[in-house]
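Breakdown of the fold
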Amino acid sequence: MDFTIQGEDLRIREMAREFALQVLAPYARAADENRHFDRTKVVELGRAGLLGGFLPRALGGSGWSMTQWALALMELGAVDSSWRGFCTVQTALCGGLLWKLGRADQQQSLLPALCAGERIFAFALTEPEAGTDVASLQTRARRDGDDWIIDGTKHWITNGGVADHIILFATVDPALGKKGITAFLIPGDAPGLTRRPVEGMELGHRASNHAILRFEGVRVAATAMLGEVGSGFEAGMAGLENGRLGVAAGAVGIQMACEQACLQFASARKQFGKRIGDFQLIQEALTDMHVGLESTRLLTLRAASLRDQGHEALRELSVAKYAACEAAVKAADQAILLHGARGYSSAFPVERFYRDAKGLQIYEGTAHIQRVIIAKTLLPRTQ
Ligand SMILES: Cc1cc2nc3c(=O)[nH]c(=O)nc-3n(C[C@H](O)[C@H](O)[C@H](O)COP(=O)(O)OP(=O)(O)OC[C@H]3O[C@@H](n4cnc5c(N)ncnc54)[C@H](O)[C@@H]3O)c2cc1C
C-alpha cells in the first residue's frame, strides 16, 4: 500500500491538470453562461489521450490503469464538470461497452475514432418512465426480416443532440424483463430519429448537450446489435460501474476546486481587521472541506485500484461515488457561504461548482440508489 502518486501516474495527472487549465478553464464560465457545447474541444481531448483513458492501445486507447484515468478525471472535474462528464460518457460508458460487447469489426471501426475524438458517442438508457428502474424500459426493438425496427423515447441523454453514434438500450420483449434488454448501435442521422434539447434549463453541466431522442420506426441491420439479444442489461450496468468511478473522480475534483478557491478567499478577505481565515468557524469549514476531500480521494483511488487488480468492486465504487458526491455538494455549499455575497454571484466560480455537484448526485445512479446498492452488499442474502 503506497499512497504516493509518482512516475507515470504523476505524469498523467500533471498532463490532465495542464490541459484543464490551458484548454478548458479559459472558456468554462462563458460556456456555462451560453449553454455552449464546443465540438472543437472534443478533438483536443482526444489528442491529449484523455478520451482513450483506460481503453487498450491496440484499439486507439491510452492504455491507462483505472487509477490513472481517475487521477486525470479529478483534474478535469476541478475545472469543468461538463467536460469531465463528457469523458465519462464517451470513454467509460460508450467506449467501455464497445470494448466489452462489440464485435472485432465494430471495435476496429469505431474505437480509434472514439478515442481520437473524431466521433461523438451517447449512451441512451434513461426514459421518461424508466429512470432508476432501468429494467422497466419501454423502447422496443422488433425483428423485421434481417433488420430491427426501433420505437421509443429516451431523455436526458448526454451528447444526445450531437452524437455521431448512439448506444441505445431497447427491449425485444418487455415480458422478458432484464433478459430482453439489448444494446444497439444507432447512427446519429438514422431516418426516424429526432433529437431535441431537454425541456427547461439545466441547473448545471450547461456546457454539455442533453437531449430527448425519439425513435419512430428506426430501421437498423442485424449487424447494429451490440452483443447478443438480452446481453444489454448486464453490460449496461457494468458500464455504469466504470462511469461511477468517473463521477466519483469528478466529485473529488469539485472539492479540490472548492478548497483552492476558499483558501485563496479566506487568506485575502478581511473583516473585523483580520483575514477571515483566522476565524474559527471559517477554519472549521476549511477543515471539514479538507477531510471530505482527502477521505473521498482515497475511497475513489481504492475503488480504482481494486479494478486495476481485477477485483469486483461494486460496493467500493458505490461507496466512492456516494461519499464523493455528497462531500462535493457539501463543499460547494460551504464554499458559497464562505465567499459571502460574492459566492452567490457568477463573478466567482463556486456557485457553478454547486450547480454542477448537484448533477453528480443524480446520474450514474442517484445518491439514494447508491445507498440501496451498498446496503444490499452488506446484508446477508435472504433465503
Ligand atoms: C446531467 C445529467 C446527465 C445525464 N446523462 C444521461 C445519459 O447520458 N444517459 C442516460 O441514459 N441517462 C442520463 N441521465 C439520466 C439519469 O441517469 C437519471 O436522471 C437517473 O438515473 C435518475 O432517473 P430519474 O431522473 O428518472 O429519477 P427517478 O428514477 O424517477 O427517481 C426519482 C427519485 O426517486 C428515487 N428513487 C427511485 N427509485 C428508488 C429506490 N428503489 N430506492 C430509493 N429511492 C429511489 C431517486 O433516487 C430520486 O430521488 C442524466 C441525468 C442528468 C441530470
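None of these values were measured; they are calculated from a predicted model.

So, on to helix 8 (residues 314-338). Compared with an ideal rise of 1.5 Å per residue, which puts 25 residues at 36 Å, helix 8 spans 36 Å between its outermost C-alpha atoms and is within 8% of the ideal. In the segment just after helix 8, G340 is the residue with positive phi, at about 60°.

Glancing now at unusual backbone geometry. We note that N159 has phi near 70°; this positive angle belongs to a residue other than glycine. Examined against the element boundaries, N159 turns out to sit in the loop between strand 3 (147-158) and strand 4 (165-171). Phi angles above zero are rare outside glycine, and H205 is one such case at about 50°. Relative to the assigned elements, H205 resides in the loop between strand 6 (193-197) and strand 7 (210-221). Of the residues examined, H205 reaches a relative accessible area of 5% and is grouped as buried.

Neighbouring the ligand are 15 residues; T126, T132, T158, T366 and H368 lie closest to it. Here T126 contributes a side-chain N or O atom positioned 2.7 Å from a nitrogen atom of the ligand. Contact distances for the ligand include 2.6 Å between an oxygen atom and a side-chain N or O atom of T366. When isolated, the ligand has an accessible area of 970 Å², and the protein chains bury 65% of it. Using a 2 Å cut-off from the grid points, one finds that the ligand occupies the largest pocket. Within the residue set of the shell around the ligand, elements represented by two or more residues are strand 3 and helix 10 (367-378). Here the shell around the ligand is composed, by residue class, of eight nonpolar, seven polar and no charged. Domain assignment of the residues forming the shell around the ligand places at least three in each of domain 2 (122-229) and domain 3 (233-378).

Here we take up empty space enclosed by the protein. Within the structure shown, the criterion is met by one cavity of 30 Å³ or more. Volume-wise, the largest cavity comes out at about 40 Å³. Surrounding the largest cavity, A28, D32, D80, S82, H205, R206, A207, R352 and D356 form its lining. Elements supplying a minimum of two residues to the lining of the largest cavity: helix 1 (7-34) and helix 9 (350-360). Both of domain 1 (7-120) and domain 2 (122-229) provide at least three residues apiece to the lining of the largest cavity.

Moving on, we get to the layout of surface pockets. Taken as a whole, the largest pocket encloses approximately 1,300 Å³ of empty space. Lining the largest pocket are 44 residues, with I362, Y363, E364, G365 and T366 sitting closest to its centre. The element contributing the most residues to the lining of the largest pocket is helix 4 (residues 81-101), with six residues. Among the residues forming the lining of the largest pocket, the class breakdown is 19 nonpolar, 15 polar and ten charged. Considering the residues around the second largest pocket, the lining is formed by 25 residues, among which L21, A78, A257, Q260 and F353 are closest to the centre. Of all elements in the fold, only helix 1, helix 3 (66-77), helix 6 (232-268) and helix 9 reach the threshold of two or more residues within the lining of the second largest pocket. Sort the elements by how many residues they give to the lining of the second largest pocket and helix 1 lands first, with seven residues. By residue class, the composition of the lining of the second largest pocket is 16 nonpolar, three polar and six charged.

Thresholds, definitions, all that
Residues numbered from 1 in each chain as written. Predicted model: local features only at pLDDT ≥ 70, side-chain atom pairs only at ≥ 80, totals over all residues. Heavy atoms only, no water. Helix = DSSP H or I, 4+ residues; strand = E, 2+ residues; numbered from the N terminus. Expected span 1.5 Å × (residues − 1). Buried < 20%, exposed > 50% of the residue type's maximum accessible area, 1.4 Å probe, protein only. Near = heavy atom within 4 Å. Polar contact = N/O pair within 3.5 Å; in protein donor to acceptor, adjacent residues only side chain to side chain. Areas by Shrake-Rupley, 256 points an atom, 1.4 Å probe, with all protein chains shown as cover. 1 Å grid on protein atoms, 1.4 Å probe; cavity = no way out; pocket = protein on both sides within 12 Å on 5 of 7 lines; lining within 4 Å. Sits in = over half its atoms within 2 Å of the grid points. Nonpolar A, V, L, I, M, F, W, Y, C, P; charged D, E, K, R; others polar. Domains from an automatic or database assignment. Points joined across faces, edges and corners; volume = space filled by probe spheres on them.

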